[in-house]
Amino acid sequence: YQHHERYDGSGYPRGLKGEEISTEAHILMVADVVEAMMSHRPYRAALGLEAALEEITGGAGLRYREDVVQACVSLFVNDHYEIEDTAYRTTFPVI
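None of the values given here were measured: they were computed from a predicted structure.

Draft legend 1. Representation of the packing of helix α1 (residues 23–38) against helix α3 (residues 66–77) within the structure. At their nearest, the axes of α1 and α3 sit 9 Å apart, and the two run at 45° to each other. The angle between the axes of α1 and α3 places the two elements in the oblique class. The handedness of the crossing between α1 and α3 is right-handed. Residues His 26, Ile 27, Val 30 and Val 34 of α1 touch α3, and the partners they reach there are Val 68, Val 69, Cys 72 and Phe 76. Broken down by class, the residue content of the contact of α1 with α3 amounts to seven nonpolar, one polar and no charged.

As C-alpha cells, this is what we get:
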C-alpha cells in the first residue's frame, strides 16, 4: 500500500515521505503513474507516454524519488521500452 505515498509526504494512507517509503514502493509508485496515464480509463482517453513522462519528470525530487524517475525515463528513451495496451490493441510509441 505504500505505492500511494509520495516522496514529499503528500500521499496516503499514512503520509510517509522520503526514506520512510521502501525502495520497492518508490518504484511501484512511478510505474503506477506511468501505466495509469498511458492507459484508457472509462472516464477518459489514454493520455500517452509523453504526458506520463512529463508528470514524473516534473515531480522528480518532489512527489517521486529522482533516481527512480531517471531510471524509468531511461527505459523508455534510451532502451526504447514500449507498453502494449492489449485491451485496446494500441502500442504507445517511444518519444
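Back to the write-up after that little detour.
Draft legend 2. Layout of the layout of surface pockets. Size it by volume and the largest pocket reaches roughly 200 Å³. Lining the largest pocket are Ile 27, Val 30, Ala 31, Val 34, Glu 35, Val 68, Ala 71, Cys 72, Leu 75, Phe 76, Tyr 81 and Ile 83. Secondary structure elements with two or more residues in the lining of the largest pocket: α1 and α3. Of the residues contributing to the lining of the largest pocket, the split by class is eleven nonpolar, no polar and one charged.

Draft legend 3. Structural view of helix α2 (residues 49–58). Of all the residues in α2, the buried ones are Leu 49, Ala 52, Leu 53 and Ile 56. When α2 is viewed along its axis, its buried side chains cluster within an angular range of 95° and face the same direction. Contact partners of the buried residues in α2: α1 and α3.

Draft legend 4. Representation of the packing of α1 against α2 in the model. Contact geometry of α1 with α2 gives a least axis separation of 8 Å together with a crossing angle of 150°. Relative to α2, the element α1 lies roughly antiparallel. Judged by the sense of rotation from one axis to the other, the crossing of α1 with α2 is right-handed. When α1 is examined against α2, the residues Val 30, Val 33, Val 34, Met 37 and Met 38 are found in contact with a partner set consisting of Leu 49, Ala 51, Ala 52, Glu 55 and Ile 56.

What counts, and where the lines are drawn
Residues numbered from 1 in each chain as written. Predicted model: local features only at pLDDT ≥ 70, side-chain atom pairs only at ≥ 80, totals over all residues. Heavy atoms only, no water. Axes fitted to C-alpha atoms, helices over the stretch in contact; angles between N-to-C directions. Helix = DSSP H or I, 4+ residues; strand = E, 2+ residues; numbered from the N terminus. Parallel < 35°, antiparallel > 145°, perpendicular 65-115°, else oblique. Left-handed = near helix turned anticlockwise from the far one by under 90°. Contact = heavy atoms within 4.5 Å. Nonpolar A, V, L, I, M, F, W, Y, C, P; charged D, E, K, R; others polar. 1 Å grid on protein atoms, 1.4 Å probe; cavity = no way out; pocket = protein on both sides within 12 Å on 5 of 7 lines; lining within 4 Å. Points joined across faces, edges and corners; volume = space filled by probe spheres on them. Buried < 20%, exposed > 50% of the residue type's maximum accessible area, 1.4 Å probe, protein only. Arc of directions from axis to C-beta.

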